[in-house]
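# Fold and contact review
Below, each chain spelled out in residue letters.
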Amino acid sequence: RMAGASPLMANLIAFAAATCVTLFSNSRFTFKGHQDGASGFVKGLITVLIGLALNQLIVLAITGYAALPYEVALIAVVIIVPFATFLLFKFWAFRT
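Residues numbered from 1 in each chain as written. Predicted model: local features only at pLDDT ≥ 70, side-chain atom pairs only at ≥ 80, totals over all residues. Heavy atoms only, no water.

### Points about the environment of Thr85
In this structure, Thr85 sits in helix H3 (residues 70-93). The exposure class assigned to Thr85 is buried, which follows from its relative accessible area of 14%. For the pair Thr85 and Leu54, spaced 31 residues apart in the sequence, the C-alpha separation amounts to 9.6 Å. Apart from residues lying up to four places away in sequence, Thr85 is in contact with Thr47 and Gly51. (Helix = DSSP H or I, 4+ residues; strand = E, 2+ residues; numbered from the N terminus. Buried < 20%, exposed > 50% of the residue type's maximum accessible area, 1.4 Å probe, protein only. Contact = heavy atoms within 4.5 Å.)

Structure below.
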């Protein structure tokens, strides 16, 4: 908000930064020893993109359609998206 970006653009920028941390930390720490290499990376990237789509959909629905403040969308995103992407990482992307 401080930079004057729309909620969707700010969300996209923040999500892109978080993606780098997520892919690195999940592949090196959380799911270490599970599906390495190109296959694990591609599945991890697909999982992150699904998370991004879900993230943007939540922000759009809450700020655009429901006309609620961005902070309400952030609360929903923080609760829903990490849980959904963790399940995808665990049971699909880094499944052994």
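### Some points on the environment of Ile62
Position of Ile62 relative to the elements: it lies in helix H2 (residues 37-65). Distance from Ile62 to Ala73, taken between C-alpha atoms, is 5.6 Å for residues 11 residues apart in sequence. Excluding anything up to four places from it in sequence, Ile62 contacts Ala67, Leu68, Pro69, Val72, Ala73 and Ala76.

### Considering the confidence of the model for the chain
This prediction gives the chain a mean pLDDT of 83; 90% of its residues lie at or above 70. No element of the chain has a lower mean pLDDT than helix H1 (residues 7-30), at 79, and none a higher one than H3, at 91. (pLDDT = per-residue confidence, 0-100.)

### Considering H3
Spanning 24 residues, H3 covers only 30 Å between terminal C-alpha atoms, well under the ideal 34 Å at 1.5 Å per step. For H3, every residue scored as buried is listed here: Tyr70, Ala73, Ala76, Val77, Val81, Thr85, Phe89 and Ala93. (Expected span 1.5 Å × (residues − 1).)

### Topic: unusual backbone geometry
Peptide bonds are mostly trans, and most non-glycine residues show a negative phi. Unusually for a residue other than glycine, Ala67 sits at a positive phi of about 55°. Tracing the sequence through the fold places Ala67 in the loop between H2 and H3.

### Considering the environment of Thr22
When you line up the elements, Thr22 lands in helix H1. Take Thr22: its relative accessible area is 27%, and that puts it in the partly exposed class. Separated by 22 residues in sequence, Thr22 and Gly44 have C-alpha atoms that sit 9.1 Å apart.

### Remarks on the nonpolar core
Counting residues in each nonpolar core, the largest one holds 16 residues, and the members touching the most others are Ile58 and Phe89. Residue assignment for this core shows that the elements contributing at least two residues are H1, H2 and H3. A per-element tally of this core places H3 first, with 7 residues. Those residues within four positions of Phe89 in sequence are excluded, and the remaining contacts are Thr22, Leu23, Asn26, Phe31, Gly44, Thr47, Val48, Phe94 and Arg95. (Core = buried A, V, L, I, M, F, W, Y, C linked by side-chain atoms within 4.5 Å.)

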